[in-house]
Amino acid sequence: MSTRTEVEILSPGAFASIQDGGRRGHRRIGVPWAGVLDRRLMRIANALAGRAEDAAVIECFDGGLHVAASGGAVKLAVAGDTVVEVEGTEGRRQLAPWRSVTLADGEQLRIRKMEGGRIAMVAIVGLEPAAVMGSASTYARAGIGGVDGRALGAGTRLALSADADPWDSDRVLAQPPAADTGPIRLVPGPQADHFSPTALDALVGGEYRVTPEADRMGIRLEGAQLEHAGAAEIVSDATVPGSIQVPGAGQPIVLLADAQTAGGYPKIATVIGADLGRLAALRPGQSLRFAAVSAAEGACIARAAETETRALIASIRALPPDGIDLMALYTGNLVDGVVHALGTEYRPLY
Amino acid sequence: MSFRILDAGDAALTIEFGSIIDPALLAEVNALDAAVLRRKQAGKLPGVIETMPTFRSLTVFFDPLVTDRDAVLAALQPLIAAAEHGSTTDGRHWRLPVCYEGEAAPDLAEVAGAIGIGEDEVVALHSGAEYLVYMIGFLPGFPFMGDLPAPLRLPRRAQPRVRVPAGSVAIATGLTAIYPWESPGGWHLLGRCPVPLFDARRTSPSLLAAGDRVRFVPVSAQECRAIEAGLASAQIDPMQWLESAPTPAENAA
């Protein structure tokens, strides 16, 4: 019997969508980049799965994503500070995060919860959704990208390309990136001069809290009031990912990947690209502080972060082999053996 | 003429030509935008990802791993100087159908009342002017057009709507627009345009481009439905409402 191999979404958890490196070149017609909120996580997930670094992944929030392999074996990899569980023919087992795993037909993987942050990326070998305007990223507002232009729902089946090869050895990032709890860095401007002289000090000196209004478009913060020097409106101009808009009430909103491309609120500062993923991963209720840097310092930080990311990716290693012929294992109708194939060092302990 | 360079983080900067809505500023923005696109297409601006032209500024997005603010600025300086002599170029001309009747025009009576003229006079004023597309933004394909005839220059509604239907033709703050998508919105809704302003399957997904000129042609509710049906069944090509070329690319060159 020949069936095509698919990943079935049993539950998307809090929120999950297909994203890749994003859609470039269309801001001039009002189309934001979309794409993953944390590009480093995507690159690690893809490297663990042996995929191109900007290949499409499932980006999910707050855990709960639950998927099943259907019609064949599926290799996938999870990046993020997660608790992951695999449900196979012989029951459940916990899986170390930051690794790839090959699910046999019918096996399920679930991100039970996040240990830190709120974003995880799942790379899947053979996931090649059609590009719309140059990217597979879901941008729900215009109904483009991903699966039918929408976030993933329970029951969605993602067809995998026929030449997908799940038999490569599994990989692990033995030393995941440490959580960075330093301040979120920003570059003052473009409209810092639309605020009272003390507003920038208030933004940088104060503590802000993430409100429940936090999604792929942006994060509304609450904290020290930012006073405008005049009207809280400008003639609309371009926003960028990281723009900190301040509407009349004086509370900042940081714009993210899906945000509108232009806006009429003054923007007191811009969060640097290297810190945007960390900001997007903050949960409602968590607090944060900002620190000001120059645009040139921001670029230095971007280059340092890139070096760090490359080092992390370079440190990815194949899981210790244990002499089992994986092809025979998965194509044969074995009931046991699946766990052994995953590598003894990383076998769950319960 | 003067301009300011504004930082927009570590990966973008904005060249601002002024702080108001003015076709003369738009001419400078579009001249600079066209010059940057030409340099980029010629491979002369490594690391520049894209540009975003607005009413009065051009934002240039770049990859800080490939270039930096100073290098981008150095490359832009001569282009900015040339753009200051940019003259207004003529974009494409469109005549778009609008139904100004019934449920397509929920705020028509209120607007007429606020100004103290008849509803038909509001329609005559709105459809009697030619509008310049200042920019596309906020939502995919959303055109900011102006300037409205003086009597129609009202502030936004006191109570924004949670749901403005797609296709709504709206006015506020001296401008008029068409909502390509259902969205929250605070503008006054005068009518409905049945022509889709954005379609990702088209080579140019946005129907309109900055610099285009638009006139509205009143149609009845019945005609509006017929146009929608014709568009849905692909019997009607949206390009039929284009009055004249040049295309935006030729326009830019």
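Residues numbered from 1 in each chain as written. Chains lettered and ligands numbered in written order. Predicted model: local features only at pLDDT ≥ 70, side-chain atom pairs only at ≥ 80, totals over all residues. Heavy atoms only, no water.

For chain B, an unreviewed UniProt entry supplies the name Allophanate hydrolase subunit 1 and the organism Thauera aminoaromatica S2.

Under an unreviewed UniProt entry, the name given to chain A is Urea amidolyase-like protein, and the source organism is Thauera aminoaromatica S2.

1. Structural notes on the packing of helix H3 (residues 108-115) of chain B against helix H4 (residues 119-128) of chain B
Residues and elements named next belong to chain B. At a minimum axis distance of 8 Å, the contact between H3 and H4 shows a crossing angle of 95 degrees. Relative to H4, the element H3 lies roughly perpendicular. Across the interface between the two elements, Leu 108, Ala 109, Val 111 and Ala 112 of H3 pack against Glu 119, Val 122 and Val 123 of H4. Residue classes in the contact of H3 with H4 are distributed as six nonpolar, no polar and one charged. (Axes fitted to C-alpha atoms, helices over the stretch in contact; angles between N-to-C directions. Helix = DSSP H or I, 4+ residues; strand = E, 2+ residues; numbered from the N terminus. Parallel < 35°, antiparallel > 145°, perpendicular 65-115°, else oblique. Contact = heavy atoms within 4.5 Å. Nonpolar A, V, L, I, M, F, W, Y, C, P; charged D, E, K, R; others polar.)

2. Examining the pattern of salt bridges
Evaluated as defined, the whole model comprises 43 salt bridges over all chains. Residue B:Asp107 pairs with B:Arg161 through a salt bridge whose shortest N-O separation is 2.7 Å. Pair noted here: B:Asp107 is in the loop between strand E5 (93-99) and H3 and B:Arg161 is in strand E8 (residues 161-164), with a separation of 54 residues, a long-range link. Each member of the pair, B:Asp107 as well as B:Arg161, carries the same accessibility label: buried. In this structure, B:Arg201 and B:Asp199 form a salt bridge, with 3.0 Å as the shortest nitrogen-oxygen distance. A relative accessible area of 18% means that B:Asp199 is categorised as buried. Residues participating in the shared-partner salt-bridge network are A:Arg39, A:Arg43, A:Glu53, A:Asp54, A:Glu306 and A:Arg310. (Salt bridge = Lys/Arg side-chain N within 4 Å of Asp/Glu carboxyl O. Buried < 20%, exposed > 50% of the residue type's maximum accessible area, 1.4 Å probe, protein only.)

3. A look at the domain arrangement of chain A
All names here are of chain A. When the domains of chain A are assigned, the result is domain 1 (6-177) and domain 2 (184-301). A straight line from the C-alpha centre of domain 1 to that of domain 2 covers 29 Å. Taken together, both faces of the contact between domain 1 and domain 2 bury some 1400 Å²; the carbon and sulfur share is 54%. Summed over the three residues of domain 1 that lose the most area to domain 2, namely Arg 27, Leu 37 and Arg 118, the buried surface amounts to 44% of that side. The interface formed by domain 1 and domain 2 contains one salt bridge. (Domains from an automatic or database assignment. Buried area = accessible area lost by both parts, 1.4 Å probe.)

4. Looking at the sheet that holds strand E2 (residues 12-16) of chain B
Residues and elements named next belong to chain B. In spatial order, the strands read E1-E2-E4-E3; together these four strands make up an open sheet with antiparallel pairing. Edge positions in the open sheet fall to strand E1 (4-7) and strand E3 (48-53), since each of these has one partner strand only. Sheet twist, expressed as the mean angle between neighbouring strand axes with direction ignored, is 20 degrees. Where E1 meets E2, four bridges bridge the pair, whose relative direction is antiparallel. Counterpart to Leu 6 in the pairing with E2 is Thr 14. (Pairing = 2+ DSSP bridges.)

5. A closer look at the nonpolar core
Judged by nonpolar contacts, the single largest core of 67 residues is most densely connected at B:Leu96, B:Leu208 and B:Phe216. Those residues in contact with B:Phe216, other than ones at most four positions away along the chain, are B:Leu96, B:Val98, B:Tyr100, B:His126, B:Ser127, B:Tyr131, B:Met145, B:Thr176 and B:Ile178. Among the nonpolar cores identified, the runner-up in size contains 47 residues, and A:Ala49, A:Val210, A:Ile219 and A:Ala257 belong to it. (Core = buried A, V, L, I, M, F, W, Y, C linked by side-chain atoms within 4.5 Å.)

6. Things to note about the interface of chain A and chain B
Counting from both sides, the interface comprises 41 residues of chain A and, opposite them, 44 residues of chain B. Across the chain A/chain B interface, buried area totals approximately 3300 Å², and carbon plus sulfur atoms make up 63% of it. If you sort the residues of chain A by the area they bury against chain B, A:Arg28, A:Arg141 and A:Val235 come out on top, with a joint share of 21%. Seen at the junction of chain A and chain B, the total is three salt bridges. Between A:Glu233 and B:Arg156 there is a salt bridge whose closest N-O contact spans 3.3 Å.

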